[in-house]
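Read off the chains here:
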Amino acid sequence: MWAFLLNLISGPIISGFINAYKAKLAAGNTSERIAADLAQRELEVQKTELQAQAQLKIAEIGHWWEPEKLFAYTLWIYFTKVYLYDAAFGFGSTDAVRGDVAVWGAMVIGFYFGKRGFENIARILKR
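From a predicted model like this one, the values you see are computed outputs, not experimental measurements.

Trainee: Looking at this structure, I do not really get the pattern of salt bridges. What am I missing?
Mentor: Between side chains of opposite charge, pairing is possible as soon as their charged atoms come close. Tallying each qualifying case throughout the model produces three salt bridges. Between K81 and D86 there is a salt bridge whose closest N-O contact spans 3.0 Å. K81 gets classed as partly exposed once you look at its relative accessible area, which sits at 32%. Taking the relative accessible area as the measure of exposure, D86 reaches 10% and is therefore buried.

Trainee: Before we go on, may I ask you to explain the environment of A35 in this structure?
Mentor: For A35, the location among the structural elements is in helix α2 (residues 30-60). Judged by relative accessible area, which is 45%, A35 ranks as partly exposed. In this structure the C-alpha to C-alpha distance between A35 and A20, which are 15 residues apart in sequence, comes to 9.3 Å.

Trainee: I keep staring at the layout of surface pockets and nothing clicks. Help me out?
Mentor: To find leftover empty space, a probe the size of one water molecule is rolled over the atoms. The volume enclosed by the largest pocket comes to roughly 500 Å³. Lining the largest pocket are 15 residues, and of these E60, I61, K115, R116 and E119 sit closest to its centre. Elements supplying a minimum of two residues to the lining of the largest pocket: α2, α3 (67-88) and α4 (100-126). Per-element accounting of the lining of the largest pocket gives the leading share, six residues, to α4. Across the lining of the largest pocket, the residue classes tally to four nonpolar, two polar and nine charged. Considering only enclosed or pocket space, the second largest pocket measures out at about 230 Å³ in volume. Put simply, the parts of the chain that give the lining of the second largest pocket at least two residues each are α3 and α4. Among the elements that make up the lining of the second largest pocket, the one with the highest residue count is α4 (seven residues). Split by residue class, the lining of the second largest pocket holds 11 nonpolar, two polar and no charged.

Trainee: Help me understand the packing of aromatic side chains in this model?
Mentor: Two measures describe an aromatic ring pair: the distance that separates the ring centres and the angle between the ring planes. This model, assessed by the stated rule, comprises four aromatic pairs. Aromatic pair F79 and Y83: ring centres 6.0 Å apart, planes at 20°, arrangement stacked. You can see F79 and its partner Y83 sitting in helix α3, four residues apart, about one turn around the helix. The class for Y83 is exposed, based on a relative accessible area of 55%.

Trainee: Is there a simple way to explain a positive patch on the surface in this structure?
Mentor: Together, K57, R123, K126 and R127 give the surface a local cluster of positive charge. Within the fold, R123 resides in helix α4.

Trainee: Teacher, can you tell me more about a nonpolar patch on the surface here?
Mentor: Taken together, the side chains of V97, V101, V103, W104 and M107 define a hydrophobic patch exposed on the protein surface, amounting to about 490 Å² of accessible area. Within the secondary structure, M107 is located in helix α4.

The rules we used
Numbers given for residues are sequential positions, taken from 1 along each chain in its written order. Predicted model: local features are reported for residues with pLDDT of at least 70 only, side-chain atom pairs are reported and counted for 80 or more only, and whole-chain, interface and lining totals are derived from all residues. Heavy atoms throughout the structure, all of them, feed into the side-chain values; hydrogens and water do not. Here a salt bridge means any side-chain nitrogen of Lys or Arg lying within 4 Å of a carboxyl oxygen belonging to Asp or Glu. A simple rule labels every residue: compare its accessible area, found with a 1.4 Å probe on the protein chains alone, to the largest value its type can have, and call it buried under 20%, exposed over 50%, or partly exposed in between. Secondary structure counts use DSSP, requiring at least four H or I residues in a row for a helix and at least two E residues in a row for a strand, with both numbered from the N terminus. Cavities and pockets were defined on a 1 Å grid built from protein atoms only: a cavity is a group of points that admits a 1.4 Å probe but offers it no way out, a pocket is an open group of points flanked by protein on both sides within 12 Å along at least five of seven lines, and a lining residue is one with an atom within 4 Å of any such point. Grid points are joined across faces, edges and corners, and a volume is the space filled by probe spheres set on the points. Amino acids are sorted into nonpolar (Ala, Val, Leu, Ile, Met, Phe, Trp, Tyr, Cys and Pro), charged (Asp, Glu, Lys and Arg) and polar (every other residue, Gly among them). Working definition: rings of Phe, Tyr and Trp (its six-membered ring) pair if their centres are within 6.5 Å, and the pair is stacked with planes under 30 degrees apart, edge-to-face with planes over 60 apart, and tilted otherwise. Patch criteria: residues need more than 30% relative accessible area and no salt bridge. Like-charged residues are merged within 9 Å; nonpolar side chains of Val, Leu, Ile, Met, Phe, Trp and Tyr are merged within 5 Å. Computed with a 1.4 Å probe, the accessible areas rest on the Shrake-Rupley method; for each residue, only the protein chains presented here act as cover. The convention is simple: Lys and Arg are positive, Asp and Glu are negative, and His and the chain ends are not counted. Charge positions are represented by NZ for Lys, CZ for Arg, CG for Asp and CD for Glu.

This is how it looks when you write it as structure tokens:
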């Protein structure tokens, strides 16, 4: 799937390489040849950047042991116990979480659910 997306994105880059190479061959004087070389190098850098970004996404996605997921699993187990075992089925009772642990749990939940939104906002503002 990633290879297909990379080919889809890099299609214009490859055609840009071909056009830059044609411009290099057709360039009559030195300044036009230098401009064509710079354009070709810029396209090579863009292609390398796209490949590096694709590799980073592949490396980051899909691991169950990522720290943010581990904290989310811990809170999921706690809330499942409180809501299902204690409240719904009435099998036990769990004391309320107080103090720093309650604050940390709220921060983890806020981070887990709010992180992607902040990333999207930062990406929009970056443009």
